[in-house]
Each structure stands twice: as C-alpha cells, then as structure tokens.
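# Residue-level structure breakdown
Letter by letter, the chains look like this.
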Amino acid sequence: MATVHLMTQHRPLAGGAAVVEADGATVGQIIDDLDRRFPGLGDALRAGSSAGIDGEIHAEPEFVRVQPDTVVYFVAPLTGG
Amino acid sequence: MSRTHITCTVNGEDTDFLANPGTSLLDALRDELGLTGAKEGCGTGDCGACSVLMDGKVTCACLVFAPEAQGRDLMTVEGLSSADGVDGDHLHPLQQTFLEGAALQCGVCTPGFLVAAKALLDHNPDPTESEIRYALAGNLCRCTGYDKIIRSVQEAAVQLRSAT
Amino acid sequence: MTAIENPKTYKWVGTRPIRHDGYDKVVGKARFAADLNLPGQLHAAYLRSPHAHANIVSIDTSMAEAMPGVKAVVTGDDFPALDITDPNHDVSINVLARGTVLYHGHAIAAVAATTKAEAQAAAAAIEVEYELLPVVLGIDEAMADGAPLANEQNYQKFVGPSDPSNIATHTPLERGDADAAMAAADIVIEREFDCAHVHQGYIEPHACVVDTGADGKANVWASSQGHFMVRAITAAVLGWETSRIKVTPAEIGGGFGGKTTVYLEPVAARLSEKAGRPVKLVMSREEVLRSSGPAPGAKLRIKIGATSDGELTAIDGWMAYQVGAYGDFAGMVGAMSVASYKFPNLKLESWGVLSNTPKTAAYRAPSAPHAAFAIESVIDDIASELGMDPIELRLKNAAVEGDLTAMGMPHPRIGLVECLEALKASDHYQSEPAEGASRGVAVGFWFNIGEQSSATVNLNEDGTATVITGSPDIGGSRASMALMAAEELGIDVYSITPVVADTEAVGFTDVTEGSRATFATGKAVVEACRELKVELCRRAAQTMGVDEAEVEWVDGAAVSPSHGGEPLTLAAITAQAKRTGGPLTATASLNAAGAGPSFAVHCADLKVDEETGQTTIVRYTAVQDAGTAIHPSYVEGQMQGGSVQGIGWALNEEYIFSSDGVLMNPGFLDYRIPVASDLPMIETIIVEVPNPSHPYGVRGVGETGIVPPMATIGNAIKAATGVRMTSLPMSPPKVLKALGDAR
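All right, on to the overall build of chain C then. Scanning chain C from terminus to terminus reveals 21 helices and 27 strands. Principal-axis analysis of the C-alpha atoms places the extent of chain C at approximately 85 × 75 × 50 Å. The buried share among the 743 residues of chain C stands at 62%. Within chain C, contacts between residues separated by at least 24 positions form 80% of all contacts whose residues are at least 6 apart in sequence.

Encoded structure:
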C-alpha cells in the first residue's frame, strides 16, 4: 500500500484525513483508487497537483511508476520566473 | 514631410543619411545606418542603452534629433575596435576585459556601458572605483549588479595605461 | 570567489571560458528582436485603455483605417473567443480586450502602418465608447464582503463551481498544532508587513517581428524566455494549428520571469496576415511598465513562537498577494515557499487577490521574496530578543535532508547549513562592520523546477561539435551546455558551438524559468552526449577490429586494451563517419525530475542617514548553494544580479498608483532601479552541495538570489536604528517617518 499525503485543501474531500493509504502501480492508479473511496478527490488531485515521490517532484505524475510501499506527497504545481 | 540630409563622421568614416527632423539620432543610427548596437531601453534618456559619443562626449542618442548630428563626430560601439590604436581586427581592451570578466549576461546594456566607459577612460585614465561608479551611473544594468562591469573597467584602465 | 570544495573535480566543468555568444555582444552585432528588420516591414502601435475598468460599448476603427500609411487594424473581434475553462483564455483577453478592459493600459486595438508615427497617429484615432465600472485596487478592499468585482469572469480555482469573486486562489498549509505550540512558547512575535508592486525591470522592452506568409504560416522572431511557449500561446490565441507557426528566439535583453508569457506575437501575426507584410511590434518603456506583468504587491501577517533557547516551534502566517486582473497562480506560492526551518508546527494560508491592475508575472522566485521579507524579519527580532547571534539561531533551526517543507514534502539533500557555515566563516562576517555601519543577515530558498527539454548533439566531420538546445539563454546557459558537453565528450569547449535553435530545429523545450535550464536542458545535453559516446565506441570498435564491449571512451578518445595502437580520437572517428555507418548525431528529450532546491544566505553592512532616511550599503555578501557551478562566473553573475534586484526592491522600487488605478511612475526616472553608484561590490561565495539527481550535481541558481535581500537589509536597518521596517520599499521618506514615530 502506498502512503499518500494530501494537500490541506483536499483533506475535507478525504473526510479530513491528511494521510491516507492507496493501491496502485502508478500515481494515476493511486488517484483512481482514492477516487473510488473518496468520490471527487480524483478530479481535485488531477486538477492541479504535482507529486513528490522519493524526494523528486514530478510535474506530471500520472504515469510515474511507484513501489508498493512508496510515499507520495501531492503538492501544488510549481512554476518559477 | 521631406527628410533632411545629414552628413557627419561615424566611427571614423564620412557618412550621410536622410532623416525627418523629429527622428531621434538613435533611430537614424539603427534604421538608416544599420548600426543596431545602440539600443532603445526607455526612449527618455534614463537608461543609457543608447549611449554614443558625440564629439567625444557620452550622449543619449534617444535625446538627440538626427539633424543635430550634422557635421559632428560620432562613435558607436561598432567603432570601438578601431579606437585607441586597436586595429579593427582585435577587440578594444574594454571589450576584451568585459568578455574575460563576465561583465555581460544578456548583453543589451553592454554597448552603452562600453561607450560610456570609453568616454570615462578618455577623460580619466586612472579612475577610482567610486569615479567609475559615478561615471557609469547613467547606464542601467539589471542582470549583473554592476560588480563585474566595474572590475572589467578597472582592468581595461590598467591595460590602456600600460599600452601608452 | 572562494567556493567550498566540490567532492568531484572536472576538466571543463567549473572553468571560466569566454562565453561563445559574447563576441557579438561586445561589438554590437548580437541581434535582439528590435534589431531585426525584414524587407517591406510595417510598424505597429496599440490603442490602450485609458480606464482601469470599463465595458467597451463600441469600437469604431473606420477613421484609423483611412489614415495615411495604415495597412491593417485589429481588435479583439479579429481573434476567436476561447472558452473560460481554456487555459489560454486569460492570456487571449489580455492580448486584446474583449468587451471589457480590466486595467489602465489594457490593449484594445492595434494598427500596422508604414511608419511607427503613422501607426501611433492612427491608433489614437480609433474611437471607443466606454461604460465605466468600479475600480478595485487594494487587497483589503478586494477581499471585503460585497466588494465590486475586478473581473466578472474570475472564479476561484480548485474549489469547484462557485460565483465570480476577487479571489484567484486560497492555499492553506498545516502541520502539527500551531495554536497549542504558540500558547506554550516562551516568546511569540507577531508583525504585519506590506509590499508594493515592483517590476522585473528588464532593460529590453518586449519586441517581436512576425511575417505571416501567403501560405498562412507565421514566421516569428521574439524576445522571450520560451519560444515554444510563444508558439503554443500564439497558436491558441489565433485559433491556428501549432505547425503554422515557427518561432526563432532572438537574443533576449533580460526577462527574470517577465517574459514567460505572451503580449505581442498574436497581434503582430494577425496584423501581418491582414496586411500581407511583415510587422514589427515593440513596446515602449511606458507600455512595459503600464501594461506588462509586474510582481505582485502583498500584505502579510506573520507570527512565530520559540523557546527561550531559540528553538522555533511554531509559525502562523497569513499572506495575501495582489495578482492583478486575472486569476494568477502567484498567490499560492507564498505559503509554499516556507521551507528553510524545521517548524514542527505550522499554519499558513496564502491568498491570490484580484485588482484592476496588470496580470502579475513572475519576478525570479515568484512570491517567495515577500514571504521571506516577513518571516526573516520576525526571526531576526526573535534572535534579538533572546540575545542570540542571528546565524546561530538560524543554524539551530535550519532545515536539513528529511525535514519537511511547508508543502509537507521532506527535503532531499540540501545545503542550507553549509551556506550558513560559509557565511559564518567568511571574511565579511568575521570582520566588524565599518565605522558607523550595522549588519543584517537573512536566508532564502527556492524549489527550482525540472520540466521538458530536448537537445541534439551533432558531431561534425572534423571532430568539432554542435550542441543544439531550445532554452533561450538568459544568464549564460549556452556556455554551460558547451562546458557539460566538453566534459562528456572530452574535447575542448571551443570545439563546441552551442546553439539555441528555433521551434523547427530542436525538440520541444519548456520555458527558461524556474532555474531549470542548466539543470534540465543540461541533463538532455549530457544524455545525448552519452548516447553518442556509445556510438563512437561502436564505430571505433569497427575501425580497430575489436569487440564493442572492449572499447571505452577516455579523455576524448576511444581506447581498447585489445587494440595495440593509439587511442582513436573523436576527430579520427568523425572523419570516418560515412564509412562506419553514417552521420554521428544524437537527440535526447526528457521531462526532468529531481530539481534540487537552492538556498542562499545574504549579509549586508549598511549605514542609515538619520537626517535624510537614506540607506547606504557599504558591504554585501551573497552565499548560495549551486550544487555544482558549471561556469562559476555566470553563477556569480546570477547571485549578484538577484542581490541587486532585491536591494532595489528593498530600498526604492515601487509602483505608485493613483486612486483611478493609473500608474504614476511608468519610466526609469521615477521607477528607479539601482545604479552603479548606489552599490558596493557584491561579494559572492558559491557553496557546492551537489544535487544527486543531476549528472554534474547542478542546482538551478537563477532565482534564489532575490529572496533574501529585503530582509537582509531590513535586519541591518533594525540593527542600525532600532526600528523594524515592515513596509517595502524602505525608502528614505518611509525610514524618516519610522524614525520619527519611534522617538
């Protein structure tokens, strides 16, 4: 099971939880798994999130493969100037 | 409106061009003579990116009407490598020290700085750091923070003094 | 300047060759967009809104169209209307207003004519009827219940269906229990801060030349930080396929984040299409300041709690960023940028708030400088109250690998502690301030990003190489690409020509922003070089008559223990390329992950003239973690440039708006950026804590330098006068007033 850390603004969609567990071989599958249990969370995560996985931030995390015991941090998208 | 015929010396060569009375010298240099080294950063004489020498004096070309150049001796950055005994096949010491000292990043202010620095060293071959900073206070740079520009001018001053 | 020793040593990486593009720049040959002229080109000029908020009732261009020299006129009606959910909707209505003008200076129409003067005269002859709407200017005003809307098409992001509002974003971040920790703290300091809008101040105004041919294809030369972005947005705004547009990046005269979006190109393209001639469109300095994106203004309220021995236990922060007339993302980043200290308990929220002013754009590290000004000022006051050295307090709480950022992610390997130690050990910090001067320090952080880059490396017949990338060079990155390629291939850096190619000649590359070019494009260059080395060894194996597996690439040549003869140099192999299999070229494309954060610590010694309120900086040092400095001169240049921009932001720069939303200082005389006589030398100390996710350990360095200066200077002013300045800029009149209030 992957351990998933949610952004503060998404926690209400997961019943207030800051950390949840989910299954999936990719971040996209993890999002689908979360959406099954917390309807609406999937759209919210896909609307604007990068994902921090094993210390690296991925701006497009959908197809990033993860380990069974990975820790995923959803964070707001980053830019720069 | 008919255009005025202007004759002058540019970078050591007799030159002539046509311009409307209200055209700036900067636009004339860039559009009529193809000398695009001088840049328009503000059009109001506040940034120095259009600096040229007019009869040896550093001048914002955006503040000069083209007809005012009649009969004058102009130097733009394109003429720097034929100045001070440099033969045109080599760079002027200021250009060389700017490159070696990384005194430019985007480079858009560089022509103005080179011209203004030349004017300074022509009048004051051994300036203090403070004198350099005040002489160049009319040239804005947003990339470098000025540090490497000042050091490069100091180094060029040393080279120019030892060459004479 | 001294660098902390990198664990690795290289032959080319870390040297300081003259940059390849430098010669053209010192002789006046470098071509910036406004230097380009096409035969038959027309000049264009805008009609811009005289009102900060109004509906456009009617536009009559008939007089303009009949004026001498006029060849084409466009308004918003000449462009497709994008749906409000389209990511390019906001930029498309910013490029030319549709139905409503949202800020003073908002472009309404444009004219192409044979001379600029004719275009300007015709633009002024366009008749527009307006219905004035309420102007929303202040943050409090915009956030108040029942406030008029700055933009009736703005909906708060990420909250699902809602009514239009003046809120772009709301970003709450929380961990632990900040309220409880604050109640238990031995010392709590709370302060409010405000920051005026500032502009990136690039010396080259926005400029482009566009030639739309009879075949419907547009050839664009643009001053931009990202020509693929220019192509994408121009296509979207015009309603064209991307393949109809080719964008060539001209040399860019500064960007700093202000040239990461599009203002001119779609308008020039449509004018060119209508007129059948090339169109040159250049902003004046006044247009740049009135109508291009500045950095946001902000209000912040920061409360920090600590124990009596200096452990920072809690931070509670409210930040509101004024992002202009469209729902920009800038308001999100302020809270996200809090990442320098452990802060076990944290409660932050940052808001993006609309106003009838231009849509803000990034200015180096967007929104982080405001947050750092506030937080580093409060931390400094805590150090002062506790009688602790400001560096020691920061060392005690500094984030290290594994500590959580405000966003909740653990830091990878970072170099904040190393930067603090480097400043502590520096000659500057070890020396007393000059007579009459006082000292301040502050810390800054920026994430840095990865994103997409492509690179092609071509080996020429004579053993030289061309390295082709799509990252506009805003700070010397071309030289760094050549240095990394030289290191990989083992050939002289001057045997390599680095090229920034147009959108048809190199693979897709994201904007040069987020300090990504040396990191991500560098990675692509390295990958392409490594692919080439495999192929070079394969070709050498053929020539040597040995097995491929027995050939290695060493110091620019193929060597094999099985081959008794000399190593085969790259030039020897390229000379045989046709015989051994054909051209030697490799391309790499990636979406780079693993961008390493860069920390900075700055120190300023300054004097405050208590009669005039003027601050004079007498000594300034910037310390920053570059990971590995590929070309140290240009790393130093980024650090110095960011520091001086921050000094201007701290001491003098501000947008001054009238109550009607009109910018009162749209020129370099009254929007005064630092000049050489304002400043001392900017000493630099490059720290190298290599980023494990880059083949050379690179961390982006372009942005972090602007984050610490305002607090550095505010802290030094506090040390000099006893007064805590909480409003930017800390200009002479404001310092004088604060000194007077304190007496």
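Right, let's get into the overall build of chain B. Helix and strand counts for chain B stand at five helices and five strands. Going from the N terminus to the C terminus, chain B shows its helices and strands as β-β-α-β-β-β-α-α-α-α. In terms of overall size, chain B behaves like a compact globule, its C-alpha atoms giving a radius of gyration of 16 Å where 164 residues would be expected to give roughly 15 Å. Out of the 164 residues belonging to chain B, those deemed buried represent 59%. Across chain B, the fraction of contacts at a sequence separation of at least 24, relative to all contacts at a separation of at least 6, is 56%.

One finds A44, V111, C208, A485 and V525 of chain C to be the most contacted residues of the largest nonpolar core, which totals 334 residues. With 13 residues, the top contributor of residues to this core is helix 16 (residues 517–544) of chain C.

Residues and elements named next belong to chain C. With twelve residues, helix 7 (residues 227–238) ought to run about 16 Å at 1.5 Å a step, and its terminal C-alpha atoms sit 16 Å apart, in line with that. Counting buried positions along helix 7 gives eleven out of twelve residues, so the element sits mostly inside the fold. Just downstream of helix 7 lies G239, where phi reads positive at about 80 degrees.

By a widespread convention, an interface's size corresponds to the accessible area lost as its parts come together. The interface of chain A with chain C comprises 19 residues on the first partner and 34 residues on the second. Listing elements by their share of the side of chain A that touches chain C, those giving two or more residues are strand 4 (56–58) and strand 5 (71–75) of chain A. Grouping the constituent residues of the side of chain A that touches chain C by class yields seven nonpolar, ten polar and two charged.

A few words on the packing of helix 7 of chain C against helix 8 (residues 265–275) of chain C. All names here are of chain C. Axis separation between helix 7 and helix 8 bottoms out at 9 Å; the angle between their running directions is 55 degrees. Of the possible angle classes, the one that applies to helix 7 and helix 8 is oblique. Here the hand of the crossing between helix 7 and helix 8 comes out right-handed. Residues V230, T234, V237 and L238 of helix 7 touch helix 8, and the partners they reach there are E265, P266, A269 and R270. Along the lines of polarity and charge, the residues of the contact of helix 7 with helix 8 split into five nonpolar, one polar and two charged.

On to helix 16 of chain C. All names here are of chain C. Between its first and last C-alpha atoms helix 16 spans 38 Å; for 28 residues at 1.5 Å apiece the expected length is 40 Å, and the two agree. When you tally the buried positions in helix 16, you get 20 out of 28 residues, the bulk of the element. Immediately downstream of helix 16, the backbone of G545 shows phi near 75 degrees, a positive value.

For the rest of this paragraph, the subject is the domain arrangement of chain B. Residues and elements named next belong to chain B. Under the domain assignment used here, chain B contains domain 1 (4–78) and domain 2 (79–163). Here the C-alpha centroids of domain 1 and domain 2 sit 20 Å apart. Every contact between the two is made by 20 residues of domain 1 and, on the other side, 16 residues of domain 2. Elements supplying a minimum of two residues to the side of domain 1 that touches domain 2: strand 3 (51–54) and strand 4 (57–60). By residue number, the principal contributor to the side of domain 1 that touches domain 2 is strand 3, which donates three residues. Of the residues assigned to the side of domain 1 that touches domain 2, the class counts are nine nonpolar, eight polar and three charged.

With that settled, the discussion passes to the interface of chain B and chain C. Counting residues at the interface gives 43 residues for chain B, matched by 41 residues for chain C. Put simply, the parts of the chain that give the side of chain B that touches chain C at least two residues each are helix 2 (93–100), helix 3 (110–123), helix 4 (129–135) and helix 5 (147–163) of chain B. Here the side of chain B that touches chain C takes four residues from helix 2 of chain B, the largest share from any one element. Here the side of chain B that touches chain C is composed, by residue class, of 21 nonpolar, 13 polar and nine charged.

Residues and elements named next belong to chain C. By domain assignment, chain C separates into domain 1 (408–448 + 596–743) and domain 2 (451–592). The C-alpha-based centres of domain 1 and domain 2 are spaced at 38 Å. Taken together, the contact between domain 1 and domain 2 spans 16 residues of the former and 14 residues of the latter. In terms of residue count, helix 19 (residues 632–651) provides more of the side of domain 1 that touches domain 2 than any other element does, three residues in total. Residues belonging to the side of domain 1 that touches domain 2 are distributed by class as follows: seven nonpolar, eight polar and one charged.

So, on to the pairing of strand 14 (residues 312–324) of chain C. Residues and elements named next belong to chain C. By the criterion of burial, strand 14 is predominantly enclosed, with twelve of the 13 residues buried. Taken together, the ten bridges between strand 13 (residues 297–306) and strand 14 define a ladder with antiparallel strand orientation. From the neighbouring strand, R301 faces strand 14, where its bridge partner is W318. Hairpin remark: strand 13 followed by strand 14, antiparallel, with five residues in the connecting loop; positive phi at G310, about 90 degrees. Note on the crossover from strand 14 through helix 10 (residues 330–336) to strand 15 (residues 345–354): the handedness is right-handed.

Here two pairs of chains are in contact, and chains B and C lead that list by number of contacts. Where chain A comes nearest to chain B, the C-alpha atoms are still 14 Å apart, and the two do not contact one another.

Procedures and definitions
- Residues numbered from 1 in each chain as written.
- Chains lettered and ligands numbered in written order.
- Predicted model: local features only at pLDDT ≥ 70, side-chain atom pairs only at ≥ 80, totals over all residues.
- Helix = DSSP H or I, 4+ residues; strand = E, 2+ residues; numbered from the N terminus.
- Buried ≥ 20, exposed ≤ 12 C-beta atoms within 10 Å, placed from the backbone.
- Contact = placed C-beta atoms within 7 Å.
- Rg over C-alpha atoms; globule rule 2.2 N^0.38 Å.
- Core = buried A, V, L, I, M, F, W, Y, C linked by C-beta atoms within 7 Å.
- Expected span 1.5 Å × (residues − 1).
- Nonpolar A, V, L, I, M, F, W, Y, C, P; charged D, E, K, R; others polar.
- Axes fitted to C-alpha atoms, helices over the stretch in contact; angles between N-to-C directions.
- Parallel < 35°, antiparallel > 145°, perpendicular 65-115°, else oblique.
- Left-handed = near helix turned anticlockwise from the far one by under 90°.
- Domains from an automatic or database assignment.
- Pairing = 2+ DSSP bridges.
- Right-handed = clockwise from strand over helix to strand, strands pointing away.

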